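The lines below spell out each chain.
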Amino acid sequence: MSGLDLLKRGIVAMAFSGFMVAGAWAQSSTTTPPTPNPDVVQDQRDINHDRRDVHQDTRDIHQDRKDILNDRNDIVNDKTDIANDKAQLHSDVNQYGANSAQAQADRKDIRGDHRDVVADKKDMVSDKKDLHHDVKDRRHDRRDLHHDRVNRHRDLNGK
């Protein structure tokens, strides 16, 4: 083969591929895309909504766990405060007497710290309930997501 024959073959191959591309472009521009099944479109919307719900529920669960941990730390700190106030009360009673102003202030501090412990325990119970409900919500949303995916699959592949 000579260089001229190679050049001719190259030009023919380029022209043929150009015609193929032009034909594919013309065919794709003249045909309308198929209209999607409305059931499939609705199923996809439901899937996207359920995915957002699952994501939000997961975020809520993480926040609830963080709140519970903070409540536990608050309770520990309040109990430490009570222990310190009791030690201070004993010191003040020995130094100033049982009915002194310092002892009365220490008793008031201890009562306040006890109230804080009770409030923190109530907060922790509330946060545990929130966590339980958020876990249940996420479980339901994951179940709904699965059912929506099954429905979309059935709508796509015939019933």
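Enquirer: Teacher, can you tell me more about the overall build of the protein here?
Expert: Broken down by element type, the protein carries three helices and zero strands. Each helix (α) and strand (β) of the protein, taken in turn from the N terminus, gives the series α-α-α. Rg of the C-alpha trace for the protein: 37 Å, well past the compact-globule value of 15 Å for 159 residues, more than 25% over. The dimensions of the protein, computed from C-alpha atoms along their principal axes, are 120 × 50 × 20 Å. Out of the 159 residues belonging to the protein, those deemed buried represent 19%. For the protein, the proportion of contacts with a sequence separation of at least 24, taken over those separated by at least 6, is 80%. In the protein, 28 side chains carry a positive charge and 30 a negative one; their mean positions are 6 Å apart.

Enquirer: I keep staring at the nonpolar core and nothing clicks. Help me out?
Expert: What tends to happen in soluble globular proteins is that the nonpolar side chains get buried as a cluster. Core analysis: the biggest nonpolar cluster contains five residues, these being I61, I68, I75, M124 and L131. Elements with a minimum of two residues in this core: α2 (38-96) and α3 (101-156). With near-sequence residues (within four places) excluded, L131 lies in contact with I61, D64, R65 and I68.

Enquirer: So what exactly am I meant to see when it comes to the pattern of salt bridges here?
Expert: Working definition: two side chains of opposite charge can pair if their charged atoms are close together. Scanning the entire structure with this criterion turns up one salt bridge. One salt bridge connects R143 with D144, and the closest N-O pair in it is separated by 3.4 Å. The partly exposed category is assigned to R143, whose relative accessible area is 43%.

Enquirer: In this structure, what is going on with the side chain of D71? I would like to understand it.
Expert: Tracing the chain through its elements places D71 in helix α2. This buried residue, D71, is left without a salt bridge; R72 holds the nearest opposite charge, at 8.5 Å. Looking at D71, its side chain comes within polar contact range of the main-chain nitrogen of M124, at 3.4 Å.

Enquirer: Would you explain a nonpolar patch on the surface in this entry?
Expert: On the surface, a nonpolar cluster with roughly 320 Å² of combined accessible area is contributed by L4, L7 and I11. Within the secondary structure layout, L7 lies in helix α1 (residues 3-30).

Enquirer: Mind showing me how you'd approach the environment of D85 here?
Expert: When you line up the elements, D85 lands in helix α2. Sequence separation of D85 and R139 is 54 residues, and the distance between their C-alpha atoms is 46 Å. When sequence neighbours within four positions are dropped, the list of residues in contact with D85 reads D106, D109, I110 and D113.

Enquirer: Just checking my understanding: could you explain α2 for this structure?
Expert: Turn by turn, an α-helix covers 3.6 residues, leaving residues three or four places apart pointing in a common direction. Between its terminal C-alpha atoms α2 stretches 84 Å, which fits the 87 Å expected from 59 residues at 1.5 Å a residue. Between the side-chain oxygen at the start of α2 and the backbone nitrogen of D39 there is a gap of 3.0 Å, and the oxygen is on N37. Immediately beyond the C-terminal end of α2, within one or two residues, lies G97, with a positive phi of roughly 110°.

What counts as what
Residues numbered from 1 in each chain as written. Predicted model: local features only at pLDDT ≥ 70, side-chain atom pairs only at ≥ 80, totals over all residues. Heavy atoms only, no water. Helix = DSSP H or I, 4+ residues; strand = E, 2+ residues; numbered from the N terminus. Rg over C-alpha atoms; globule rule 2.2 N^0.38 Å. Buried < 20%, exposed > 50% of the residue type's maximum accessible area, 1.4 Å probe, protein only. Contact = heavy atoms within 4.5 Å. Lys, Arg positive; Asp, Glu negative; His and termini not counted. Charge placed at Lys NZ, Arg CZ, Asp CG, Glu CD. Core = buried A, V, L, I, M, F, W, Y, C linked by side-chain atoms within 4.5 Å. Salt bridge = Lys/Arg side-chain N within 4 Å of Asp/Glu carboxyl O. Polar contact = N/O pair within 3.5 Å; in protein donor to acceptor, adjacent residues only side chain to side chain. Patch = residues over 30% accessible without salt bridge, like charges linked within 9 Å, V, L, I, M, F, W, Y side chains within 5 Å. Areas by Shrake-Rupley, 256 points an atom, 1.4 Å probe, with all protein chains shown as cover. Expected span 1.5 Å × (residues − 1).

Function cannot be read off these values alone, since they describe shape.
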